[in-house]
Amino acid sequence: MTENKPGASDQVTVLVFKDNFSARTFKVSLRWITRLGALAGFILTLTLVSGYFAVKNTYALRETDPTHVRELEQELRDLKAAYQGLEARKAAQPEPTVSESAPTDTPSPAPSPMMEPPALPGPVVLTPQPQIFAAFPTGTRNAPDFASPPISIDTPKFSWSGRNLQVKFNIQYVREQGSQQGRIVLIGRGPDLLVAYPGGIFNASGATTLIAPDKGEYFSLSRFREVRAELGPIAAPEKIREVEAILFDTEGRILIHRLFPVAASATRSAPPRKAPPTASAASGPATPASPAPASPTPNPGANR
């Protein structure tokens, strides 16, 4: 093969020898070689980029858990059913009616001249009725996206630590972008029990509401958050039967309202074991202390 010199043509002459045959020559344009190399580089780059995206999508599909998707769909159906039940319950409540007594047309007897006129009745004093409190402040309503909230919660795991019920669950942001802030309130109920988390969430006596949502545990998440709560003390495990999880947004509207039964077979943490008392080898076996001798009783007749 001959090299090109300055001022020579842009073609390369190739000389080919094979066995004892006569040599053959042919010419190749340098432009054709350059274009062929550029085309090969483009094809190689396209292949590498396609392979990268194929591998990335494959790993993304493997990480997607179909079980988690089914759980989210089931939670969505449960929320829709709960919302429809609340709407039906609200529509079934009768509106209070005010009954007014009809005036009577019976004329009052004329006063006798020999009798004093009857005393006029004094002002009517109404005895105030005791205020029956509500669970949440007046006007508390569901958030606009209550049917499909931006967050979801897992089924809690219950365990006992002494007389306290420990509750652990996860909150996850299910939308692609954004974040959510709000308050967490847990209510444990039984036949004769009512406990709540966090502590101090119940209002004092005389308040018109039982629970103050603004005292709940604050949360802010854009991906994932773990919640650890503790309810108690509780006298016996059978006293509590269900835990109600209510998540509010920053404006006091209900995002999620779920009810979870507390199984009677919830795990109970074992109490710490006490170490047995150890005796020193040098001191030998412990011997019981001998009782002190009783002091002799003085005899009055001994000095006589």
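The rules behind the values
Residues numbered from 1 in each chain as written. Predicted model: local features only at pLDDT ≥ 70, side-chain atom pairs only at ≥ 80, totals over all residues. Heavy atoms only, no water. Helix = DSSP H or I, 4+ residues; strand = E, 2+ residues; numbered from the N terminus. Buried < 20%, exposed > 50% of the residue type's maximum accessible area, 1.4 Å probe, protein only. Contact = heavy atoms within 4.5 Å. Areas by Shrake-Rupley, 256 points an atom, 1.4 Å probe, with all protein chains shown as cover. Salt bridge = Lys/Arg side-chain N within 4 Å of Asp/Glu carboxyl O. Patch = residues over 30% accessible without salt bridge, like charges linked within 9 Å, V, L, I, M, F, W, Y side chains within 5 Å. Core = buried A, V, L, I, M, F, W, Y, C linked by side-chain atoms within 4.5 Å. Lys, Arg positive; Asp, Glu negative; His and termini not counted. Phe/Tyr/Trp six-rings, centres within 6.5 Å; stacked < 30°, edge-to-face > 60°. pLDDT = per-residue confidence, 0-100. Polar contact = N/O pair within 3.5 Å; in protein donor to acceptor, adjacent residues only side chain to side chain.

Once that is clear, we can look at the overall build of the protein chain. Along its length, the protein chain carries two helices and twelve strands. Along the protein chain, helices (α) and strands (β) appear in the sequence β-β-α-α-β-β-β-β-β-β-β-β-β-β when read from the amino end. Counting the 304 residues in the protein chain, one finds 21% classified as buried. Here the analysis covers contacts within the protein chain between residues at least 6 apart in sequence; of these, 63% occur between residues at least 24 apart. In the structure as shown, the protein chain presents an accessible area of about 24,300 Å², 57% of it carried by carbon and sulfur atoms.

What follows concerns the pattern of salt bridges. Applying the stated rule across the entire model yields eight salt bridges. Residue E242 is joined to R189 by a salt bridge in which the shortest nitrogen-to-oxygen separation is 3.2 Å. Of this pair, E242 sits in strand 10 (residues 242-249) while R189 is found in strand 6 (residues 180-190), placing the two residues 53 residues apart along the sequence.

Attention now goes to a nonpolar patch on the surface. Together, L30, W32, I33 and L36 give the surface a local cluster of nonpolar side chains, amounting to about 390 Å² of exposed area. Within the secondary structure, I33 is located in helix 1 (residues 30-63). Given the relative accessible area of 41%, I33 is considered partly exposed.

Here we take up the nonpolar core. Counting residues in hydrophobic clusters, the biggest one holds 30 residues, and the most contacted among them are I151, L165, I171 and I240. Considering every element that reaches this core, the biggest residue donor is strand 5 (residues 164-173), with five residues. Those residues in contact with I240 that sit more than four places away from it in its chain are W160, L165, G188, R189, G190, L193, V195, L231, I234 and V262. Within the second largest apolar cluster, ten residues are counted, among which are F146, V185, I201 and I211.

Another point: unusual backbone geometry. Note the cis peptide between Y197 and P198, where omega equals 0 degrees. Within the fold, P198 resides in the loop between strand 7 (193-197) and strand 8 (217-221). Between G232 and P233 the backbone carries a cis peptide bond, its omega angle lying at 5 degrees. Structurally, the position occupied by P233 is in the loop between strand 9 (224-231) and strand 10.

Following the sequence through the fold, E75 ends up in helix 2 (residues 66-92). Although buried, E75 forms no salt bridge, and the nearest oppositely charged side chain, R258, lies 4.0 Å from it. Apart from the residues lying within four places of it in its own chain, the contact partners of E75 are S152, I153, D154 and R258.

Our next topic: the packing of aromatic side chains. By the definition in use, this model includes three aromatic pairs. When the centroid spacing of 5.3 Å and the interplanar angle of 70 degrees are considered together, the rings of Y52 and F53 count as edge-to-face. Each ring, one from Y83 and one from F146, has its centre 6.0 Å from the other, and the planes form 45 degrees; the classification is tilted. In this pair, Y83 is assigned in helix 2 and F146 in the loop between helix 2 and strand 3 (151-153), connecting sequence segments 63 residues apart. Assessed through its relative accessible area of 34%, Y83 is described here as partly exposed.

For the rest of this paragraph, the subject is the confidence of the model for the protein chain. The predicted coordinates should not be examined in detail at positions where pLDDT is low. With 70% of its residues at a pLDDT of at least 70, the protein chain reaches an overall mean of 78. Scored below 50 in pLDDT, residues 98-103 makes zero contacts in the model with residues more than four places away or belonging to other chains.

Counting through the fold element by element, E230 comes out in strand 9. Note on E230: relative accessible area 39%, which makes it partly exposed. Residues E230 and L186, 44 residues apart in the sequence, show an inter-C-alpha distance of 9.3 Å. In this view, E230 contacts N164, L165, Q166 and Y197; residues no more than four positions away in its chain are not counted. A polar contact is formed between the side chain of E230 and the side chain of N164, at a distance of 3.4 Å. At 3.4 Å, the side chain of E230 forms a polar contact with the side chain of Q166.

Next up on the list: the environment of K215. With respect to the secondary-structure elements, K215 resides in the loop between strand 7 and strand 8. Counting along the chain gives 18 residues from K215 to Y197, while the straight-line C-alpha distance between them is 9.7 Å. Here K215 is in contact with P198, G200, I201 and N203, once residues within four sequence places are set aside.

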